[in-house]
Structure formats: structure tokens, C-alpha cells
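An overview of the molecular structure
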Amino acid sequence: MSDNVGNICEAMSQIRMKERSAEEEFPDLSQHNNLMAKHLTLDMYGQLRERVTPRGFTLNQVIQPGVDNPGHPFIMTVGCVAGDEETYDVFKELLDPVIEDRHGGYKPSDKHKTDLNPDNLKGGDDLDPNYVLSSRVRTGRSIRGFCLPPHCSRGERRMVEKLSNEALDSLTGDLKGKYYALKNMTDAEQQQLIDDHFLFDKPVSPLLLASGMARDWPDARGIWHNDNKTFLVWVNEEDHLRVISMQKGGNMKEVFNRFCTGLTKIESLFKEKGHEFMWNEHLGYVLTCPSNLGTGLRAGVHMKLPNMSKHAKFEEVLKRLRLQKRGTGGVDTAAVGGVFDISNADRLGFSEVELVQMVVDGVKLLTEMEKRLEKGQSIDDLMPAQK
Amino acid sequence: MPFGNTHNNFKLNYSVDEEFPDLSKHNNHMAKLLTKELYGKMRDKQTPTGFTLDDVIQTGVDNPGHPFIMTVGCVAGDEESYEVFKDLFDPVISDRHGGYKPTDKHKTDLNFENLKGGDDLDPNYVLSSRVRTGRSIKGYSLPPHNSRGERRCIEKLAVEALASLDGEFKGKYYPLRSMTDAEQEQLISDHFLFDKPVSPLLTCAGMARDWPDGRGIWHNDNKTFLVWVNEEDHLRVISMQKGGNMREVFKRFCVGLQKIEEIFKKHNHGFMWNEHLGYILTCPSNLGTGLRGGVHVKLPKLSTHPKFEEILTRLRLQKRGTGGVDTASVGGVFDISNADRLGSSEVEQVQLVVDGVKLMVEMEKKLEKGEAIDSMIPAQK
């Protein structure tokens, strides 16, 4: 490693050769509205640009997505990414304030709790299927020792794919499944995956493209799913692994059970081979985007809320329940036919069980409210306190 | 940049086999010529400013290409790229530029008086004439690799140089990021405005980083001489006007370019040039003259003639739609320009356009009268 540090210093000095003063290099963030732009000062830039992670990720690479994507007046994007595990430490002067801002005041000294014991979830097996059409839990995982998607080389990415395949191949029972590499998928396989809503494609979002995540597409990218089509793993998309448990209807408990069981099995299979997931007691699971730190978990349902969604207090209710709404196409899509994607808003500072509990309890309440409004009754007495 | 040399040595921990890109579905010059051996030989190299082999080839890896269109699939990050990675660039250049050898010398001739004729292309057919080229400023990295500070320096130097032009070259600079809506509308109507690249060929090479910082458009008051700053190259210089007086367009082009070059030289920043590759630009396809001289010309009959492609090939010309590269022609109007860039001079290339367009207009006229053009088919130039 010390060999590499020497090489990196030399490499850094080459880059610095062409760079000018901090002032001349500092990005123009005057039109920008994202967390990076909000927190990056000239002084900070001057200080941090001297540094590099052990695997060579630089400040400019951290902030490039935020420089290239000024953002939206209404949607606060993060605007920075990690290239490896050490990014969060080497560039903490920038990333700590970004994390604090994004994750409700989470402090550098705070500890994050991980709880993947599904028995700790109360209820969640009886969300009304007349309203709750489907239930889903997803998270991401990074494999320690490898660079993250913005920075990894082809060799590293292929190794991540290889290790993931080995782990997933040894799953059994309800979790037994198959891997479909993006680059040699048959047309028939592709169509089936599209019909199942499993297929992911080359990112088009400029937020992702600007970070370099789409390099060498579709090399070493693929989709694994179990035969039952209820457990799905994306390999080398925005994170090393994205793990998804899903099924139709409202049995969130079953979905979460499978999620925890599957994840824990995969983790132990990796450990058997001498590889673990990136995790620490401050940031929980370490992922590419700071917004996904902690649990990396988004648990949600597609549910019918045609009346509730038009109620003046809809946004307020969601906020108090610590939930967020999306259209049924996922982030940045619109709701269709009064059907919304309702999920936890938090990622860091709460455990997996706590977040899924919020979804379960919140969705139950929203369903009650919808039923009341259907009958033309008031929902004022049902308004929750801020969780 | 964009994806950094600082990781390059770390990658060497993986074998060549593990790192070599999968080019099995690819059809571009880089994919055709980059072998595993070459990759292994060059992958630990970097230019003095840290541009690596993976930086050179990333755009070609990310863009497999098209069965019919052979893209280049590699870019330079600085002047030294063409030397440090010559084992890849030399074969690519040879393949792209008609067998141009590593030992060949390129001739630069920007003396417009050496052009014969060109002032009388028939305006009933030739709607407009245009000559463009690119220039890179010595001592700075190229658009795939340059930092914000470098890009801003280039902009500053360019603006200073252009501000000192006078007479028919007196003009104004419009930086992209502080353009008013009115200015933007006008530039669009004049067909001068360039926008953030959407072509993945360009974005994958990192040329669109920090957009629109350091980018802008300068044009003279007459709207016949235009400079793009920090788009695909440091400078893109364009001379244009309606009608068929290519001679005048080329004269203005040469005079303007030379004026600009003098000013840059005074500030100790000449243009990147050498006697083998001529003018050094970001894309290997633009080496040499970097010149595309062309016309928009009405050829509704000739374009449907079975020998149209053959004629163009023999005249060393190429056709494009009127929206530029990768667009379709509209109403029988084609963009006809020189196909070559390297191995012939500016005067020679514009001469080919002038002579070739004259001939094609004659052919069009014959076909209009229902006559044959067989006797007019030219020999291979």
C-alpha cells in the first residue's frame, strides 16, 4: 500500500501541475441548488483539493455530479458521491455537513443502529389489499475493498460481479435463482425481465452519468432473481449490489422477512469468502450516494389514495409520518390513477426495523383516512403527531 | 480527468485480462486496433498531466458504434497524448486518414491566394458556403482533460485575442452562462448557438464537464466570422456566408485565423502544431487541417442518381444533411464538404470542394435537362 501512496502522490502532483489556484479552479455554483453547492466554500475547496483517498479519488470527482447538475428549485439533490469507502473520511469537512443537512441533523459523533431482525417488526402482515397493491423493500450494499461505481475499474467491477454470482449461486429454497448478465441477455430473457419490471438499463439521469457510474456499460452488470420472482439483486448499477424484496398485496411483514433473511444469508456467504460489506458504527452501510447511508433502505407500497392525495393536509400527514410519496414509476415520476408509491423518508439514524415500522403504521393510518374520506367523513381526529 | 489517473497504478493490481475492455460488439477505429497486447503495453503510461490509456479509450468503450458509421472511439487529453500513446494513435490515424504513415509530413497552407477560382459557384444551386476548423492552445490540456482553471484561462486568452480584432473582424463575445434570453434567441436564429453536447461520444469523453463554465460564442458584427470557445476543442473557427463565393469565405477564414494566431503568439501561447500531425485537436479525425469546407447545395436529381456516392468518393467529398453530421438532407439540399483532413493542405482541400461542387452543379443541370452525365464522371482524385 505504501508503494501505491507514493504513486498516488506522484499522480496527484501531475494533476496539480495543470491546475491553477483554488480561486481559479473553484466551480461557479451561483446557479446551483444542491447540498454540495450549499456547503462547499472556497476555503474548504482549497483545503480538500490537496487530498486524495488511498485509491485515488479526488475532491473534483466527489463534486463533479453537483457541478454538472445545478439542481432544481424544489428538489434538493445531494450533488456529491463517494468513490470508495475512505471518501467519507478523507473529505469529511464537506461530507459531514452534507450528511447532517440531508439526514435531519445527524451529527459526526452520532451512532447508527442496524437491526435486521424481522421478528422485531410489529404487525405489517395485514395491510388492506384493496388499497395496498404491492409491497417492496430495497437497499444497497458495497463490498469492502473495492472502489464504488463512480471510480471502479473494469477489473474491480468484474470481480464484484464474480463474487456476487458465487454468493447468489449458493442460495437455496425460496431464494434459489439465476443471474442474467446484461451483456449477453437473450431477447426473450430481456422481454421477460421487462414484463416483470426487473430490468434496469443504462442510466440516463445526468446525475448518475456525471459521476462516471455508467462507464463501460454493460460490462459486469446484471440482474439476479429467485425463481419465485420475489427477491432480486442488481449488480453494479448505482451501487455494487441493490437488494430488493417484493410481492403483490399488503403483506409487508413477509416481504421484510425475506429481505432480512436473504440479506443476512448473502452477507454470511461473502464473509465465508473473506469479504464483508462496507459498514461502520457512525454511517451504517456505506453506499455511493450520501443520501443512502445508514440503512440504505427504502420500504414502500403502491397504494390507492385518490381521495387522500387531494386532501389539503396530505403533504403534512406524510411529513409527520416521516414518509414520502413518489409516482409509480419511482423517483421523479408522477402518480397514475391515484396510485402512489409511499415509502420511508429516512435512511440514517434509524434502524431497518424502525423504518419499516413507520411504513407499516403510516400506511395503515393512510388507509383508514382514505376510507373515511370515501364516506365523506372528516379525518381531523386521525391527524398524527410528528414522529 | 474525467476519471482520473490517480487510480491508474492501483488498477495495475489487476491483470491485463481482467482490465481489458470487452470490445466484441464494437465497431470503431479504437476497437478495431486495440489489442490486449497493446493495452498491456500502454496501460501503465501517462502523459505529463496525467492522461491515461483508459482516458483515451473510454469514449470508444462506452459507444460501441454503428455498423455503417465508423467512429474514432478515442480522444487526446493533451498534446502529448499523441506521442505517449502513439502505439494506438498511429494505427488509428493511418486507418482514418487514408494510410497516413508515422513518418509522413503534413503541409499547412493558409495562403488564400493559392486557391484557384471559387468565387463563382452558381447561387441558384449553392445556397451557402462555410469553412471551419479547430485550434488548440499550446500549454493547456484539451477538453476531455482540462480543469476549470485551465478552461477559464483559455476563455480569457481567447476573449482578449478576439477583442483586439478590427475592421470586418470587429465583434463581441457571448459567454454561455450569462447570456440573456434575447441574445440566446438571436444566436439561435443566426444558427450560431451551440449547446451542451448530448452526443454520448462527447459526454463519455468528459468534454461536457462543468458546463457552461468557460464556454462562449464570439462573432463579428457582420455575422460572417464566428468562434466557439471550449466546446469540443479550445477554439472552433468558422467563416460563412450565403451564396457561392467560397473564395471570399476562405479568404476571411485565412486572414482571421492568422490574425488570431499572431495575437496568441504574442502572449507566448501559439497553437498546437507539428510537422507530422499538423494542427493538434481533441479528436484524431480532425488532425492536420481540422478543416471542413463545404456548401449547402441543391442536388435533388444528382442525389438520387445511382452514381452519386461514387462521384463523391472520387471527388474526395462527403455529404451530410443540412443539420450537420448525422442529420438527413431536407428538400434535396445537401451539405457537401471535403472528406480529408490530414495529408493535404487547407488550400488543397478547399480546392477539392470548389472544383467538385462546380462539377456536381454541372451534372445537376444536365440531369435537369434529361441528359446523361456518364462522360462527366471524374477520375479518382
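Residues numbered from 1 in each chain as written. Chains lettered and ligands numbered in written order. Predicted model: local features only at pLDDT ≥ 70, side-chain atom pairs only at ≥ 80, totals over all residues. Heavy atoms only, no water.

1. Overview of the overall build of chain A
Scanning chain A for helices and strands turns up 13 helices and 10 strands. Summarising its shape, the C-alpha atoms of chain A cover approximately 70 × 45 × 40 Å along the three principal directions. When burial is assessed residue by residue, chain A has 58% of its 387 residues classed as buried. In chain A, 74% of the contacts between residues at least 6 apart in sequence involve partners at least 24 apart. Carbon and sulfur atoms make up 51% of the accessible area of chain A, which amounts to about 15,800 Å² in all. Positive and negative side-chain charges of chain A, numbering 50 and 58 respectively, have mean locations separated by a distance of 3 Å. (Helix = DSSP H or I, 4+ residues; strand = E, 2+ residues; numbered from the N terminus. Buried < 20%, exposed > 50% of the residue type's maximum accessible area, 1.4 Å probe, protein only. Contact = heavy atoms within 4.5 Å. Areas by Shrake-Rupley, 256 points an atom, 1.4 Å probe, with all protein chains shown as cover. Lys, Arg positive; Asp, Glu negative; His and termini not counted. Charge placed at Lys NZ, Arg CZ, Asp CG, Glu CD.)

2. Points about the state of the cysteines
Applying the stated criterion to the full structure yields zero disulfides over all chains. Its sulfur unpaired, Cys152 of chain A is 7.1 Å from the next cysteine sulfur, which belongs to Cys147 of chain A. (Disulfide = S-S within 2.5 Å.)

3. Description of the domain arrangement of chain B
How big an interface is tends to be expressed through the accessible area that disappears when the partners come together. Residues and elements named next belong to chain B. Annotation of chain B at the domain level lists domain 1 (5-97) and domain 2 (112-369). Inter-centroid distance (C-alpha atoms) of domain 1 to domain 2 is 27 Å. Facing the 21 residues of domain 1 at the interface are 23 residues of domain 2. Overall, the association of domain 1 and domain 2 removes approximately 1,800 Å² of surface from exposure, summing both partners, and the carbon and sulfur fraction of that is 64%. The interface formed by domain 1 and domain 2 contains one salt bridge. Taking the shortest distance from any N to any O, the salt bridge between Glu79 and Lys138 comes out at 3.2 Å. (Domains from an automatic or database assignment. Buried area = accessible area lost by both parts, 1.4 Å probe. Salt bridge = Lys/Arg side-chain N within 4 Å of Asp/Glu carboxyl O.)

4. Re the nonpolar core
In this structure, Val233, Met252, Met308, Ile342 and Leu366 of chain A are the most contacted members of the largest nonpolar core, which totals 59 residues. Ranked by residue count, the leading element in this core is helix H13 (residues 352-374) of chain A, at 11 residues. When residues no more than four places from it in sequence are discounted, the contact partners of Met252 of chain A are Gly124, Leu127, Ser135, Arg136, Val137, Ala299, Gly300, Val301, Val356, Val359 and Val360 of chain A. Residues Leu157, Leu165, Leu302 and Met376 of chain B belong to the second largest nonpolar core, which totals 58 residues. (Core = buried A, V, L, I, M, F, W, Y, C linked by side-chain atoms within 4.5 Å.)

5. Description of helix H5 (residues 59-68) of chain A
Most of H5 of chain A sits out of view: 10 of its 10 residues are buried. Residues of H5 of chain A that are buried include every one of Leu59, Asn60, Gln61, Val62, Ile63, Gln64, Pro65, Gly66, Val67 and Asp68 of chain A, and no others. Buried residues in H5 of chain A make contact with helix H3 (35-39), helix H4 (42-48), helix H6 (87-90), helix H7 (92-102) and helix H10 (206-209) of chain A together with helix H8 (148-163) of chain B.

6. Some points on the pairing of strand S5 (residues 235-242) of chain B
Residues and elements named next belong to chain B. When you tally the buried positions in S5, you get seven out of eight residues, the bulk of the element. In this structure, strand S1 (residues 126-135) lies alongside S5, joined through eight bridges in antiparallel fashion. By the bridge assignment, Thr133 is partnered in S5 with Val237. Bridge count for strand S4 (residues 225-229) against S5 is five bridges, and the pairing is antiparallel. (Pairing = 2+ DSSP bridges.)

7. Section: the interface of chain A and chain B
Listed per partner, the contact involves 49 residues of chain A and 46 residues of chain B. For the pair chain A and chain B, the summed buried area comes to about 3,500 Å², and 45% of that belongs to carbon and sulfur atoms. Joining chain A to chain B, the criterion identifies three salt bridges. For Arg177 of chain B, the salt bridge goes to Asp28 of chain A, with nearest N and O atoms at 2.2 Å. One can count 21 residue pairs in polar contact (both at pLDDT 80 or more) joining chain A with chain B. (Polar contact = N/O pair within 3.5 Å; in protein donor to acceptor, adjacent residues only side chain to side chain.)

8. So, unusual backbone geometry
Here the bond from Trp217 of chain A into Pro218 of chain A is cis, since omega is 0°, no more than 30 degrees from zero. Looking along the chain, the bond that leaves Trp211 of chain B and enters Pro212 of chain B is cis, with omega of 0°. For Asn236 of chain A, which is not glycine, the phi dihedral falls at a positive 60°. Within the fold, Asn236 of chain A resides in the loop between strand S4 (231-235) and strand S5 (241-248).

9. Digging into the packing of H8 of chain B against helix H11 (residues 246-266) of chain B
Between two packed helices, both the angle of their axes relative to each other and the distance between the axes serve to describe the pair. Residues and elements named next belong to chain B. The N-to-C vectors of H8 and H11 enclose an angle of 120°; their axes lie 9 Å apart at closest approach. Of the possible angle classes, the one that applies to H8 and H11 is oblique. Crossing geometry of H8 relative to H11 is assigned as right-handed. When H8 is examined against H11, the residues Leu157, Ala158, Ala161 and Leu162 are found in contact with a partner set consisting of Ile260, Ile263 and Phe264. Across the contact of H8 with H11, the residue classes break down as seven nonpolar, no polar and no charged. (Axes fitted to C-alpha atoms, helices over the stretch in contact; angles between N-to-C directions. Parallel < 35°, antiparallel > 145°, perpendicular 65-115°, else oblique. Left-handed = near helix turned anticlockwise from the far one by under 90°. Nonpolar A, V, L, I, M, F, W, Y, C, P; charged D, E, K, R; others polar.)

10. Re the side chain of His282 of chain A
Residues and elements named next belong to chain A. For His282, the position within the fold is in the loop between strand S6 (279-280) and strand S7 (284-285). With a relative accessible area of 17%, His282 lands in the buried category. Within the structure, the side chain of His282 is placed 2.8 Å from the backbone oxygen of Asp110, a separation counted as a polar contact. Not counting the four nearest positions on each side in its chain, His282 is found in contact with Tyr106, Lys107, Pro108, Ser109, Asp110, His112 and Leu348.

11. A word on the domain arrangement of chain A
Residues and elements named next belong to chain A. When its domains are assigned, chain A resolves into domain 1 (2-103) and domain 2 (118-375). The straight-line distance from the C-alpha centre of domain 1 to that of domain 2 is 28 Å. Taken together, the 22 residues of domain 1 in the interface contact 24 residues of domain 2. Roughly 1,900 Å² of surface becomes buried between domain 1 and domain 2 when both sides are summed, with 64% attributable to carbon and sulfur atoms. When the area that domain 1 buries against domain 2 is broken down by residue, the three leading residues are Glu85, Tyr88 and His103, summing to 33%. Our enumeration of links across domain 1 and domain 2 arrives at one salt bridge. A salt bridge links Arg144 to Glu85, with the shortest nitrogen-to-oxygen separation between them at 2.6 Å. Between domain 1 and domain 2 we count eight residue pairs in polar contact (both at pLDDT 80 or more) in total. Those elements that place two or more of their residues in the side of domain 1 that touches domain 2 are H5 and H7. Top element by residues in the side of domain 1 that touches domain 2 is H5. It accounts for four residues.

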